[in-house]
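Chain by chain, the residues run as shown.
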Amino acid sequence: LPKKLAMEKGFDDVLYKNSSESHFVEEASTSNLFFVRDGKLYTPDTSRRTILEGITRASLIYLARNELGMEVVDNESLTVEMLKSSEEVFLSGTAAGVARVKTLTFEDESGTDYNYPSYEVGKKLKEMLLDIQNGKRKAPPSWLIVNVPTLRVQDQ
């Protein structure tokens, strides 16, 4: 329902905040949240079990740390203020892959817009992930399943 209401107002998605302390950011409706601030990649902590530990999220964390050499902060509660002052914001999910966020609007602040013109880190991670998925880049060994069973579904 929140995403539907947001779309009726002309927005693409919603950003959920922690329900007990609404100054912490959690995730979008079907995607994990990432942002870049001071050269570090941030994504909300999953240990409280309020955020899904997405496989795409884990893949991006791995690539950022091991391929881009970035420090990744994924074990802290992240505040709305940290998000607002970040340089870049993007989402990840199975269906979305990596999706850039250009603007965040906080309606509880009279519709204040926060713009994020940069998309360097998200774009690099998206390209690396797509290259792995399309066989153009070697995947880490732990990502591959050697004997994938196949099946054929027939109508009766």
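Right above here is the structure, for reference.
For clarity, every value in this text was computed on a predicted model and none was experimentally measured.

(A) The arrangement of the side chain of Glu 26 in detail. Note that Glu 26 resides in strand β2 (residues 24-28). Within the structure, Glu 26 has its side chain in polar contact with the side chain of Asn 18 (distance 3.5 Å).

(B) Geometry of unusual backbone geometry. One non-glycine residue, Asp 38, lies in positive phi territory at about 55°. Inspection of the secondary structure puts Asp 38 in the loop between β3 (32-37) and β4 (40-42).

(C) Up close: the side chain of Thr 56. Structurally, Thr 56 is set in helix α2 (residues 55-66). If we ignore the near neighbours within four places in the chain, the residues touching Thr 56 are Ser 92, Gly 93, Thr 94, Gly 97 and Leu 129.

(D) Quick look at the packing of aromatic side chains. For the structure shown, the criterion picks out two aromatic pairs. Each ring, one from Phe 34 and one from Phe 90, has its centre 5.2 Å from the other, and the planes form 5°; the classification is stacked. Pair noted here: Phe 34 is in strand β3 and Phe 90 is in strand β7 (residues 88-93), with a separation of 56 residues, a long-range link. Just as Phe 34 is buried, Phe 90 falls in that class too. Their ring planes at 10° and their centres at 5.3 Å tell us that Phe 35 and Tyr 42 sit as a pair that is stacked.

(E) A look at the pairing of β3. Taking burial as the measure, the six residues of β3 include five buried ones, the bulk of the element. The pairing of β3 with β7 spans five bridges and is classified as antiparallel. Within β7, the position partnered with Phe 35 by the bridge is Val 89. As paired elements, β3 and β4 share three bridges and run antiparallel to each other. The residue bridging Phe 35 from the neighbouring strand is Tyr 42, located in β4. Linking β3 back to β4 in an antiparallel pair, the connection comprises two residues, with Asp 38 at a positive phi of about 55°.

(F) Summary view of the environment of Trp 143. With respect to the helices and strands, the residue Trp 143 is situated in the segment after α4 (120-133). Taking the C-alpha atoms as reference points, Trp 143 and Thr 43, separated by 100 residues in sequence, lie 21 Å from one another. Other than its neighbours up to four places away in sequence, Trp 143 contacts Ser 59, Tyr 62, Leu 63, Leu 129 and Ile 132.

(G) α2, seen in detail. The terminal C-alpha atoms of α2 lie 16 Å apart, and with twelve residues this matches the ideal 16 Å at 1.5 Å per residue to within 8%. For α2, the full list of buried residues reads Thr 56, Arg 57, Ser 59, Leu 60, Ile 61, Leu 63 and Ala 64. Summarising the contacts, the buried residues of α2 are in contact with β3, β4, β5 (72-73), β7, β8 (97-101) and α4.

(H) Highlighting the pattern of salt bridges. Across all of its chains, the model carries four salt bridges by this definition. In this structure, Lys 40 engages Glu 71 in a salt bridge whose closest nitrogen and oxygen atoms are separated by 3.9 Å. Linking Lys 40 in strand β4 with Glu 71 in the loop between α2 and β5, this pair joins segments that are 31 residues apart in sequence. By relative accessible area, Lys 40 is classed as partly exposed at 28%. Classification of Glu 71 by relative accessible area gives partly exposed; the value is 46%.

Definitions and limits used
Residues numbered from 1 in each chain as written. Predicted model: local features only at pLDDT ≥ 70, side-chain atom pairs only at ≥ 80, totals over all residues. Heavy atoms only, no water. Helix = DSSP H or I, 4+ residues; strand = E, 2+ residues; numbered from the N terminus. Polar contact = N/O pair within 3.5 Å; in protein donor to acceptor, adjacent residues only side chain to side chain. Contact = heavy atoms within 4.5 Å. Phe/Tyr/Trp six-rings, centres within 6.5 Å; stacked < 30°, edge-to-face > 60°. Buried < 20%, exposed > 50% of the residue type's maximum accessible area, 1.4 Å probe, protein only. Pairing = 2+ DSSP bridges. Expected span 1.5 Å × (residues − 1). Salt bridge = Lys/Arg side-chain N within 4 Å of Asp/Glu carboxyl O.

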